[in-house]
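# Chain and residue survey
If you want the building blocks of each chain, they are given just below.
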Amino acid sequence: MLNWTISHDSAPDAPPTRHMFRCLGEDEDGKPCGAEGPVVEDFQEAQCWPFEHLREHQDHRSFAHVAEVPWLMIPEEEPS
Ligand SMILES: [Zn+2]
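Residues numbered from 1 in each chain as written. Predicted model: local features only at pLDDT ≥ 70, side-chain atom pairs only at ≥ 80, totals over all residues. Heavy atoms only, no water.

### Brief notes about the overall build of the protein
- Along the protein, the regular secondary structure elements total 2 helices and 4 strands.
- Starting at the N terminus and walking to the C terminus, you meet the elements of the protein as β-β-α-α-β-β.
- Principal-axis analysis of the C-alpha atoms gives the protein an extent of 60 × 25 × 15 Å.
- Split into buried and exposed, the 80 residues of the protein put 21% on the buried side.
- Residue pairs at least 24 apart in sequence account for 62% of intrachain contacts in the protein once pairs closer than 6 positions are excluded.
- About 6,300 Å² of surface is accessible on the protein, with carbon and sulfur atoms providing 52% of the total.
- One finds the centroid of the 5 positive side-chain charges in the protein at a distance of 12 Å from the centroid of its 17 negative side-chain charges. (Helix = DSSP H or I, 4+ residues; strand = E, 2+ residues; numbered from the N terminus. Buried < 20%, exposed > 50% of the residue type's maximum accessible area, 1.4 Å probe, protein only. Contact = heavy atoms within 4.5 Å. Areas by Shrake-Rupley, 256 points an atom, 1.4 Å probe, with all protein chains shown as cover. Lys, Arg positive; Asp, Glu negative; His and termini not counted. Charge placed at Lys NZ, Arg CZ, Asp CG, Glu CD.)

Have a look at this one:
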């Protein structure tokens, strides 16, 4: 049996961390809005979308920040 650990992948060639915002507001009929902004690598850029969304839905003020962060499974020793 191999022992594995899970670890944040901070290698230079790791996939990029990506960010997205999802609206947690509700439409007038009480249904969750669920609208999502673009998935982008630049966190500042990701934060632009809630402002755009608010312009069209002034009562949608709650958002979830969804982050895609690369992690790696690492075996205690390489399988031979
Ligand atoms: Zn919304």
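### Side note on the coordination of the zinc ion
- Surrounding the zinc ion are the protein donor atoms C23 (SG), C33 (SG), H53 (NE2) and H60 (ND1), which sit 2.0 to 2.4 Å from the metal.
- Here the zinc ion is ringed by 4 donor atoms whose angles at the metal span 106 to 112°, and the overall shape comes out tetrahedral.
- All donors of the zinc ion belong to a single chain; written as a sequence motif, their spacing is C-x9-C-x19-H-x6-H. With a gap of 10 residues between them, C23 in strand β2 (residues 18–23) and C33 in the loop between β2 and α1 (43–46) connect regions that are remote in the sequence.
- For C23, a relative accessible area of 3% puts it in the buried group.
- Residue class for C33 comes out partly exposed when judged on its relative accessible area of 22%. (Donors = N, O, S within 2.8 Å, 3.2 Å for Na, K, Ca; no water. Tetrahedral: all angles 85-135°; square planar, octahedral: opposite > 155°, others 65-115°.)

### A few points about the side chain of H60
- As for its position among the elements, H60 is in the loop between α2 (48–56) and β3 (63–68).
- For H60, a relative accessible area of 1% corresponds to the buried category.
- Reaching out from H60, the side chain makes a polar contact with the backbone oxygen of E26 at a distance of 3.0 Å.
- For H60, the side chain forms a polar contact with the side chain of H53, separated by 3.3 Å.
- Apart from residues lying up to four places away in sequence, H60 is in contact with C23, G25, E26, D27, C33, H53 and L54. (Polar contact = N/O pair within 3.5 Å; in protein donor to acceptor, adjacent residues only side chain to side chain.)

### Focus: the environment of D42
- Considering the arrangement of structural elements, one finds D42 in the loop between β2 and α1.
- Judged by its relative accessible area of 38%, D42 falls in the partly exposed class.
- Residues D42 and R18, 24 residues apart in the sequence, show an inter-C-alpha distance of 7.2 Å.
- At 2.9 Å, the side chain of D42 and the backbone nitrogen of Q44 are in polar contact.

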